[in-house]
There are 2 protein chains.
Amino acid sequence: MTAVTIRDAFWDRIRETVRLEGIPYQWKALNDEIENAAPSYCMRNFRIAAGKESGPHGGFMFQDSDVAKWLEGVAYTLEWHPDQELEATADSAIDVIVAAQQPDGYLDTFYIINGLDKRWTNLMDCHELYVAGHMIEAAVAYYQATGKRKLLDAMIRLVEHIRSVFGPEEGKLKGYPGHPVIEMALMRLYEITQDPAHLELARFFIDQRGQEPLYFPLERKKHGNGFYWENGVLEYAYYQAHKPVREQKDAVGHSVRALYLYSGMADVARATDDETLKAACERLFESITQRRMYITGAVGSSEYGEAFTFDYDLPNDTVYAETCASIALVFFAMRMLAMNPDGRYADAMERALYNTVLSGMQLDGKRFFYVNPLEVLPEACAKDQRKRHVKAERQPWFGCACCPPNLIRLVTSLEKYVVTQENETLYVHLYMGGDISAKVGDEPVTLHVQTGYPWEGGVNISLSAEHETAFDLALRIPGWCAQYTLHVNGEAVETQAENGYIHIRRSWKNGDSVQLALDMPARVVRANPRVYENAGKAAVMRGPLVYCLEEQDNGANLHLVRMGADPQFATQWQPELLGGVVTITSCGLRETCDGWDEQTLYACERGIEIRPAELKWIPYYAWANRGANEMRVWIRT
Amino acid sequence: MTAVTIRDAFWDRIRETVRLEGIPYQWKALNDEIENAAPSYCMRNFRIAAGKESGPHGGFMFQDSDVAKWLEGVAYTLEWHPDQELEATADSAIDVIVAAQQPDGYLDTFYIINGLDKRWTNLMDCHELYVAGHMIEAAVAYYQATGKRKLLDAMIRLVEHIRSVFGPEEGKLKGYPGHPVIEMALMRLYEITQDPAHLELARFFIDQRGQEPLYFPLERKKHGNGFYWENGVLEYAYYQAHKPVREQKDAVGHSVRALYLYSGMADVARATDDETLKAACERLFESITQRRMYITGAVGSSEYGEAFTFDYDLPNDTVYAETCASIALVFFAMRMLAMNPDGRYADAMERALYNTVLSGMQLDGKRFFYVNPLEVLPEACAKDQRKRHVKAERQPWFGCACCPPNLIRLVTSLEKYVVTQENETLYVHLYMGGDISAKVGDEPVTLHVQTGYPWEGGVNISLSAEHETAFDLALRIPGWCAQYTLHVNGEAVETQAENGYIHIRRSWKNGDSVQLALDMPARVVRANPRVYENAGKAAVMRGPLVYCLEEQDNGANLHLVRMGADPQFATQWQPELLGGVVTITSCGLRETCDGWDEQTLYACERGIEIRPAELKWIPYYAWANRGANEMRVWIRT
């Protein structure tokens, strides 16, 4: 019902970088044409599976999903920037992919190359349903962007094959994916096809998950599969497959799997009005955002299992915080928002998007973080094995390259996250420049949005409508915003936000204007005292952006830097710095090593000298764009 | 030249516990008679190897060493508490051990049971020389305690066999142990035998270590052995076998291996007046004590490789801090002290002994810590994989049970660490009650020591001597001691410590007395600001003892407890608590969760409430004797 066009200073730079640099770069990566980067083997695997080339399968067993995510991202860019050459490249990729599909509809290069007799024998770890899910999402997006059905039809055939293998009927497997994503994908397919079989399959995977007797141990027993997580702290919770999803109260296990699953659950709950499933989603959302999420919207406290750990356990330096997990948190939050427009969901979505998601990509679009730490000492990344997963600089590519194309598909489809409509109410969730078109009843209306967000808190909206139209314009007041003013057609309006939104209900006519001004001072943020890693520390935010200190601006030994009691923040727009950022300076303190030689580890009654120090803060997402250096988000007070 | 008898309130309790509880308990463990404990298989392996029983080898390949360390401990107790029954048990163990020895002198149950054709093919990981080393140490100690040569002669035969395999001569292996200990052992054997071949073999292993081409990769290539540390941060540094020992500047790799190696190096350096080797020992000692040691005398910052990491990297919660590593630090420090009586060595020895070593054993002598953390949150030990090696309570036994018998052999042989003599100077390093007998020239003298150490700083010494005898009584002024007074025969004497010792040079006669009073206030200790984990934190010590806060006394959430600016320490002797300890109370602060519900992770401009709180500190070594609970050494200031 709504359509969004983005024309926004902040996002256009990023999206154009993705379109002009990221997409061609990643196409090269998928074809193993990047020097000094881990090879992908992705397109080669499809050519081998299609019989056009020979050789062994290369890379991980889920390598197929990389081109799927890339195709999905390409489809989104084609919606806002038609490009015949790119579309031709995508078509050629689809040709190769579909050529690999088997006569019965099956498609997974790992098993096609290594032997179809082994397919569907290790759902727990072998990612066939995951790969299928990503390819279905690509097919839907590509069909929506281009009207071309080749991949879509292939995926409908694949789903038919999957339905012949899985389902409640006798003789079919009662399994479900070790790595969710197909649940979301089937729901997107269902949106187009309206084929109840597609909804039913998604629901089957969700309902079946974690039912006793657990499928994965049975599968292991039957096929002799290994179990990496045995005797660890996670076991089947790694897969969120330890108990039925409606009984899961805490976000556990591999954080990307978790959030893909919860997103699929939300889709099914919304489509089927399933109250118990919706309640499970709400509980899990609260588990994450109230007790298990970093200030940057990152999740996954531990590298072990790339997983959630326990309440308030949020170490800043050994963190996992995968880019994909925050992308998936955006997915989940948006789906919750679609069910129930509550600002808490939009706040989490915005927090993840503007901080960890953006941090995942270098400003030039060519290097990526898998792990997004909140505290980095480069020496520790090199010399401490338990921090080796933390990199002090973004990498050109990864053997397991889930994050770069995932970033592409999110950043190129931001249109989907800006607005939702419920009958006569238009909820604006994210502020970015551009147009929002909607139909209220049969009346088309368009909101023209101008804003300097996230650097400035002013949002100006003007309305185009052929006829005067009554509707409720619900504008989000972000959780971070303590004060705001609202003018409608130049007149101040007093409003009170309800569940994170102010509602302007009126009969709107062409040329009406709304000015929302969100106060956006730099502010000191503290963590709940239960977060033991952040005791005695604070962070700085401005608007939706988390800020950090880098060694580059503040010298080494950031553990000796302190916020001070009266930071006196000053902000400055620096167009030449880091692609253009608002920097913050503050009056802080720096403890020194004066009086401590390098030979004395411990001393009695010896003080630590403290000097005033100007601190310079940059947005977290832009860190590590000037070489490897120390970085900290949480600073001692 | 010196002989020590210990009669000391503090140590007698511990040593009697070890003698009456620990030694019988561990004998049961070696014979797999402890319920609910990991089986040892140790004695069974010897019976199988001796052909008296059949079955496979059980446990680790170095399991033989457990009985060796136990025997060594038994030998020490027999020196200060003859016990025919225990000696008969030990004799029976020796009978079984020697029965397993092969005709050519070889002895290692793992290879005897699994096939002698594979012996000496994996020095890197298979511990044959390590097991031999411990057995040699046991043999020497048992011979010294009982005069019985059965095990000693067997070990001399084993060394002959080893010499037939290893050495500079053509055709012999140029290898060295993956886990050092045999170097120290051979030097102890050499002390008794004065056979230069024993010294030469120790020197060969030390000189050969890390020479190019590296032995371990050659051995791997020849025998196809695996390499667990490949591509990690350690590689051959795990074994301290990455470069020649004289070129090693930083303490690296597995911390127990490192300290056993350095101890052997110090032995050889002293016996051979090898200045370059001595210089290497000094550098490595400084690397440890100036940059890589915990306040508790623990070492090994990382569970990965149970290893040293890098300078000033001393995490308190993910620490390894193996009991054995601090025992080995005592060995190394004592050997440095024997070469050069400098208080820095005695300080490190005392720090390790009174804190991490003692922490390794429950007060009842029946449970043990392998890992000695400085900060524990029991929930994290259970739920965070990277802290799973940290236990919140001592364990009954370990599959790899190196620590418990190592503790026994150190605690039962403390006599060796009290005093050294250099010509006419008697250096007293550790203060404990008892008698120190020495010969100055031909004159026997005895110092009768009375002290309440480590609870009180008073040390009273009275002298017995048949004739007036001139010598220099050098009493250690611990590094922790800021003030002291000295009286000789009741008269105050002004002295200045030199390199950690005050020297009282006079002609002593029978009945002379010395009163040393070391001021022992509770004190605040800070870490070097370069130790980033301890920024903004301080610890409390009194005398040689590090103190800690436990949840039991101070409530949960110890991360919210603060030292406060003016702690006003008060001490109290509590004879009923934890086997009798001096507790400390202080005026601290406690941050509260007031104003923070459990649902708000982050908030802007919200303060943290602080209340005064009386803190109760107990000695670190006694923690976790009242059930699993939170504990912290470093407290926020």
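The rules behind the values
- Residues numbered from 1 in each chain as written.
- Chains lettered and ligands numbered in written order.
- Predicted model: local features only at pLDDT ≥ 70, side-chain atom pairs only at ≥ 80, totals over all residues.
- Heavy atoms only, no water.
- Helix = DSSP H or I, 4+ residues; strand = E, 2+ residues; numbered from the N terminus.
- Rg over C-alpha atoms; globule rule 2.2 N^0.38 Å.
- Buried < 20%, exposed > 50% of the residue type's maximum accessible area, 1.4 Å probe, protein only.
- Contact = heavy atoms within 4.5 Å.
- Areas by Shrake-Rupley, 256 points an atom, 1.4 Å probe, with all protein chains shown as cover.
- Lys, Arg positive; Asp, Glu negative; His and termini not counted.
- Charge placed at Lys NZ, Arg CZ, Asp CG, Glu CD.
- Least-squares fit on C-alpha atoms with pLDDT ≥ 70 in both.
- Buried area = accessible area lost by both parts, 1.4 Å probe.
- Salt bridge = Lys/Arg side-chain N within 4 Å of Asp/Glu carboxyl O.
- Polar contact = N/O pair within 3.5 Å; in protein donor to acceptor, adjacent residues only side chain to side chain.
- Nonpolar A, V, L, I, M, F, W, Y, C, P; charged D, E, K, R; others polar.
- Pairing = 2+ DSSP bridges.
- Expected span 1.5 Å × (residues − 1).
- pLDDT = per-residue confidence, 0-100.
- Domains from an automatic or database assignment.
- Phe/Tyr/Trp six-rings, centres within 6.5 Å; stacked < 30°, edge-to-face > 60°.
- Lys NZ or Arg CZ within 6 Å of the ring centre and 35° of its normal.
- Axes fitted to C-alpha atoms, helices over the stretch in contact; angles between N-to-C directions.
- Parallel < 35°, antiparallel > 145°, perpendicular 65-115°, else oblique.
- Left-handed = near helix turned anticlockwise from the far one by under 90°.

Where do I start with the overall build of chain A in this structure?
The number of helices and strands found in chain A is 17 helices and 22 strands. The globule rule puts the C-alpha radius of gyration for 637 residues at 26 Å, and the 25 Å found for chain A is close to it. With the C-alpha coordinates of chain A rotated into their principal frame, the extents come out at 75 × 70 × 50 Å. In chain A, which comprises 637 residues, the share counted as buried stands at 64%. Within chain A, counting contacts between residues at least 6 apart in sequence, those at least 24 apart form 70% of the total. Carbon and sulfur atoms make up 45% of the accessible area of chain A, which amounts to about 22100 Å² in all. If the 64 positive side-chain charges of chain A are averaged to one point and the 87 negative ones to another, these points end up 3 Å apart.

Before we go on, may I ask you to explain unusual backbone geometry in this structure?
Trans is the prevailing form of peptide bonds, just as negative phi is the prevailing case for residues other than glycine. Omega for the peptide link from A:Tyr453 to A:Pro454 comes to 0°, which places this bond in the cis form. Secondary-structure assignment places A:Pro454 in the loop between β6 (443-451) and β7 (458-465). Note that the residue after B:Glu212, namely B:Pro213, is joined by a cis bond; omega there is -10°. The residue B:Pro213 is located in the loop between α9 (196-208) and α10 (215-223) in this model. For B:Asn423, which is not a glycine, the phi torsion comes out positive at approximately 55°. Among the structural elements, B:Asn423 can be located in the loop between β3 (419-422) and β4 (425-428).

Mind showing me how you'd approach the relation of the copies chain B and chain A here?
Put simply, the second copy of the chain is the first one after a rotation about an axis and a shift along it. Mapping chain B onto chain A calls for a screw motion: a turn of 180° about the axis and a shift of 0.0 Å along it, with 0.0 Å RMSD after fitting. Taken together, the rotation angle and the small translation identify this as a two-fold axis. For chain B, the residue whose C-alpha comes nearest the rotation axis is B:Arg386, separated from it by 3.9 Å. Most of the interface of chain B is mirrored in chain A, where 100% of its interface residues again form contacts.

Could you clarify how one ought to interpret the interface of chain B and chain A in this entry?
You'll often see interface size given as the accessible area lost when the parts meet. On the side of chain A, 64 residues touch chain B, which itself brings 63 residues to the contact. Summing both sides of the interface, chain B and chain A together bury roughly 5300 Å²; the carbon and sulfur share of this comes to 58%. Area buried by chain B at its contact with chain A is led by B:Pro529, B:Leu601 and B:Tyr602, which between them contribute 15% of it. Linking chain B with chain A are 0 salt bridges, by the criterion used here. Taken together, the links from chain B to chain A amount to 26 residue pairs in polar contact (both at pLDDT 80 or more). Going through the elements one at a time, α12 (275-291), α15 (378-383), β13 (522-527) and β19 (602-604) of chain B are the ones with two or more residues in the side of chain B that touches chain A. For the side of chain B that touches chain A, the leading source of residues is β13(B), giving 5 residues. In terms of residue class, the side of chain B that touches chain A is made up of 29 nonpolar, 13 polar and 21 charged. Two strands pair when backbone bridges link them, and strand β13 (residues 522-527) of chain A and β19(B) are joined in this way by 3 bridges, in the antiparallel orientation. In the strand pairing of β19(B), A:Val525 is matched with B:Cys604.

Explain the sheet that holds strand β9 (residues 484-488) of chain A to me, please; I cannot follow it from the model alone.
Residues and elements named next belong to chain A. Strands sit in the order β1-β5-β6-β7-β12-β9-β10 across an open sheet of 7 strands; the sheet is antiparallel. Pairing within the sheet leaves two strands with one partner each, and these edge strands are β1 (3-6) and β10 (491-492). Where β1 and strand β5 (residues 434-440) come together, 4 bridges link them in antiparallel fashion. Bridge pairing links Thr5 to Asp435 in β5.

In this structure, what is going on with the sheet that holds strand β10 (residues 491-492) of chain B? I would like to understand it.
Think of a sheet as strands paired side by side through backbone hydrogen bonds, with each pair either parallel or antiparallel. All names here are of chain B. One open sheet accounts for 7 strands, arranged β1-β5-β6-β7-β12-β9-β10; its pairing is antiparallel. The two strands at the open ends of the sheet, each matched to only one other strand, are β1 (2-6) and β10. Direction of pairing for strand β5 (residues 434-440) relative to strand β6 (residues 443-451): antiparallel, over a ladder of 7 bridges. When the sheet's bridge partners are listed, Val440 is paired in β6 with Glu443.

Explanation requested: helix α9 (residues 196-208) of chain A in the structure shown.
Three- or four-residue spacings in an α-helix give side chains the same orientation, since the helix completes a turn every 3.6 residues. All names here are of chain A. Over its 13 residues, α9 runs 18 Å from end to end, which matches the ideal 18 Å to within 8%, given 1.5 Å per residue. Of all the positions in α9, only Ala197, His198, Leu199, Leu201, Ala202, Phe204, Phe205 and Ile206 are classed as buried. Contact partners of the buried residues in α9: α6 (128-146), α7 (150-165), α8 (182-193), α11 (255-272) and α12 (275-291). Two to three positions downstream of the cap, the backbone nitrogen of Ala197 sits 2.8 Å from a side-chain oxygen, assigning the N-cap of α9 to Asp195. Positioned one or two residues after α9, Gly210 has a phi angle of 75°, which is positive.

Would you mind going over the confidence of the model for chain A with me for this structure?
When pLDDT is low, close inspection of the predicted coordinates is not appropriate. Across chain A, pLDDT averages 96, with 100% of residues at or above 70. Predicted complex, confidence summary: ipTM 0.94, pTM 0.94.

In this structure, what is going on with α12(A)? I would like to understand it.
Residue and element names in this part refer to chain A. Over its 17 residues, α12 runs 23 Å from end to end, which matches the ideal 24 Å to within 8%, given 1.5 Å per residue. Turning to α12, its buried residues are Leu277, Lys278, Ala280, Cys281, Leu284, Phe285, Ser287, Ile288, Thr289, Gln290 and Arg291. Packed against the buried residues of α12 are α9, α11, α13 (323-339) and α14 (343-359).

Can you help me understand the domain arrangement of chain A in this one?
Residue and element names in this part refer to chain A. The domains assigned to chain A are domain 1 (2-417), domain 2 (420-518) and domain 3 (524-636). Here the C-alpha centroids of domain 1 and domain 2 sit 33 Å apart. Each partner contributes residues to the interface: domain 1 has 24 residues there, and domain 2 has 26 residues. Across the interface of domain 1 and domain 2, roughly 2000 Å² is buried in total on both sides, 57% from carbon and sulfur atoms. When the buried area of domain 1 at its contact with domain 2 is split by residue, Thr2, Pro341 and Glu350 rank highest and sum to 27% of it. The closest approach of N and O atoms between Arg476 and Glu350, which form a salt bridge, is 3.0 Å. In this assembly, domain 1 and domain 2 are joined by 11 residue pairs in polar contact (both at pLDDT 80 or more). Taken together, the elements giving at least two residues each to the side of domain 1 that touches domain 2 come down to β1, α1 (9-30), α13 and α14. Among the elements that line the side of domain 1 that touches domain 2, the one with the most residues is α14, at 7 residues. A class-by-class count of the residues in the side of domain 1 that touches domain 2 yields 16 nonpolar, 3 polar and 5 charged.

Looking at this structure, how should I read the pairing of strand β8 (residues 469-476) of chain A?
Two faces make up the sheet, and in a regular strand the side chains alternate between them. Residue and element names in this part refer to chain A. In terms of residue burial, β8 counts as a mostly covered element, since 7 of its 8 residues are buried. Pairing of strand β4 (residues 425-428) with β8, which is carried by 4 bridges, proceeds in the parallel orientation. Across the sheet, Thr425 pairs through a bridge with Asp472, a residue of β8. The pairing of β8 with strand β11 (residues 501-508) spans 8 bridges and is classified as antiparallel. If you follow Ala470 over to β11, its bridge partner there is Ser507.

What am I meant to see in the packing of aromatic side chains here?
Residues and elements named next belong to chain A. Within the structure shown, the criterion is met by 74 aromatic pairs over all chains. Ring geometry for Tyr25 and Phe368: centres 6.5 Å apart, planes at 45°, overall tilted. Taken together, the residues Tyr25 in helix α1 and Phe368 in the loop between α14 and β2 (375-376) connect sequence positions 343 residues apart. With relative accessibility at 12%, the residue Tyr25 sits in the buried group. Among the aromatic residues, those joined into a cluster by ring pairs are Phe10, Trp11, Tyr354, Tyr431, Tyr453, Trp455, Trp480, Trp573 and Tyr621. Directly above the aromatic system of Tyr106 lies the positively charged group of Arg119, at a separation of 4.7 Å from the ring centroid.

How should the packing of helix α3 (residues 64-80) of chain B against helix α16 (residues 403-411) of chain B be read in this particular structure?
If you want to describe how two helices pack, look at the angle between their axes and the distance between the axes. Residues and elements named next belong to chain B. Where α3 contacts α16, the axes come no closer than 8 Å and their chain directions differ by 20°. One element, α3, and the other, α16, form an angle in the roughly parallel class. As for the relative orientation of α3 and α16, their crossing is left-handed in sense. Each of Asp66, Lys69, Trp70, Glu72, Gly73 and Tyr76 in α3 lies in contact with α16, whose residues at this interface are Pro405, Asn406, Ile408 and Arg409. Each residue belonging to the contact of α3 with α16 can be placed in one class, and the counts come to 4 nonpolar, 2 polar and 4 charged.

Before we go on, may I ask you to explain the pairing of strand β20 (residues 610-619) of chain A in this structure?
All names here are of chain A. Across 3 bridges, strand β15 (residues 545-550) lies against β20 in antiparallel orientation. Of the residues in β20, the one forming a bridge with Tyr547 is Pro619. Note that strand β18 (residues 581-591) and β20 share 8 bridges and pair antiparallel. Bridging across to β20, Cys587 finds its partner in Glu614.

Got a minute to help me understand the side chain of A:Ser586 in this structure?
All names here are of chain A. Residue placement: Ser586 occurs in strand β18. Reaching out from Ser586, the side chain makes a polar contact with the side chain of Trp617 at a distance of 3.0 Å. Ignoring sequence-local partners within four residues, the contact set of Ser586 consists of Pro567, Gln568, Phe569, Ala613, Glu614, Leu615 and Trp617.

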